[in-house]
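Observations on chain architecture
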Amino acid sequence: MTKRVAQTERLLIRQFKLADADFLVLLLNQPSFLRYIGDREVRNIADAQAYLHAGPLASYAQHGHGLNAVVLKATGALIGMCGVLKRDTLPEPDLGYAFLPEFTGAGYAFEAAKACMRHAKQALQIPALLAIVQADNSASIKLLMKLGFAKQVAEPPLLRFSVQM
């Protein structure tokens, strides 16, 4: 059974499962994902399942958290991913998110991120989060500021933000 991480009025946030591989092929190949996050070289279902095993599923096992599927409650449709990651390259866990373009601009990213931050604080007892963003990703920077993050460090072309929870 897939673990529910959080829910809001409109969204269900749950851990990824292998059956989500087709959605990840779509999401990870969006032009915005490739530009602002990077090419994960996921081109087919097998690649997506390997990505899940090495990424989110491994993170759940090792850290108890990771990127999660964001589902619209009304339709059951997967619309994005959001969660807390622990990277070896950062001193604190960081917030990550990505949404299909047709679901941007409706407040879903804010809603999901806020719910994941609440989960990180309450259930995982994480006291602070980082966020890494491309310096030219104005929409993501605006979202982080709305979530209470403050710019911490600039390491061009990336900006690093942090928030105390």
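See the structure shown above.
Nothing here was measured: the structure is a model prediction, and the numbers come from that model.

With respect to the secondary-structure elements, His-119 resides in helix α5 (residues 108-122). Not counting residues up to four positions away in its chain, the partners in contact with His-119 are Val-5 and Leu-124.

Soluble globular proteins tend to pack their nonpolar side chains together in the buried interior. Formed by 31 residues in total, the largest nonpolar core has its most connected members in Ile-13, Val-70, Cys-82, Leu-95, Phe-149 and Phe-161. Here this core takes seven residues from α5, the largest share from any one element.

A word on helix α4 (residues 56-63). All buried positions along α4 are accounted for by Pro-56, Ser-59 and Tyr-60. Each buried residue of α4 sits inside an arc of 100° when the element is viewed along its axis, so together they form one side. Summarising the geometry of α4, the exposed residues directed more than 90 degrees from the buried face are Ala-61 and Gln-62. Each element contacted by the buried residues of α4 is listed here: β2 (11-15), α3 (45-54) and β3 (67-72). Among the residues trailing α4, Gly-64 stands out with phi positive, at a value near 85°.

All right, on to the environment of Leu-144 then. Turning to its location among the elements, Leu-144 is positioned in helix α6 (residues 138-146). Once the C-alpha coordinates of Leu-144 and Phe-110 are considered, the two residues, 34 residues apart in sequence, prove to be 8.6 Å apart. Leaving out residues up to four positions away in the same chain, Leu-144 has contacts with Tyr-97, Ala-131, Val-133, Phe-149 and Phe-161.

Along the chain, the position of Asp-20 falls in the loop between β2 and α1 (21-27). Separated by 49 residues in sequence, Asp-20 and Ala-69 have C-alpha atoms that sit 8.3 Å apart. Apart from residues no more than four positions distant in its own chain, Asp-20 is found in contact with Arg-14, Gln-15, Ala-69 and Leu-78. A polar atom in the side chain of Asp-20 sits 2.8 Å from the side chain of Arg-14.

The next thing to look at is unusual backbone geometry. Residues Pro-156 and Pro-157 are joined by a peptide bond in cis, for which omega reads 5°. In this structure, Pro-157 sits in the loop between β7 (150-155) and β8 (158-164). The phi torsion at Glu-41 lies on the positive side, around 55°, for a residue other than glycine. Positionally, Glu-41 belongs in the loop between α2 (31-36) and α3. Overall, the relative accessible area of 60% leaves Glu-41 in the exposed class. Positive phi is not limited to glycine here, since Gln-125 has a value of about 55°. Note that Gln-125 resides in the loop between α5 and β6 (128-134).

Under the counting rule described, the total for this entry stands at one aromatic pair. In this arrangement the basic side chain of Lys-146 is found over the ring face of Phe-110, its NZ or CZ atom lying 4.5 Å from the centre.

Rules behind the numbers
- Residues numbered from 1 in each chain as written.
- Predicted model: local features only at pLDDT ≥ 70, side-chain atom pairs only at ≥ 80, totals over all residues.
- Heavy atoms only, no water.
- Helix = DSSP H or I, 4+ residues; strand = E, 2+ residues; numbered from the N terminus.
- Contact = heavy atoms within 4.5 Å.
- Core = buried A, V, L, I, M, F, W, Y, C linked by side-chain atoms within 4.5 Å.
- Buried < 20%, exposed > 50% of the residue type's maximum accessible area, 1.4 Å probe, protein only.
- Arc of directions from axis to C-beta.
- Polar contact = N/O pair within 3.5 Å; in protein donor to acceptor, adjacent residues only side chain to side chain.
- Phe/Tyr/Trp six-rings, centres within 6.5 Å; stacked < 30°, edge-to-face > 60°.
- Lys NZ or Arg CZ within 6 Å of the ring centre and 35° of its normal.

Interpretation in functional terms is not warranted from these geometric data alone.
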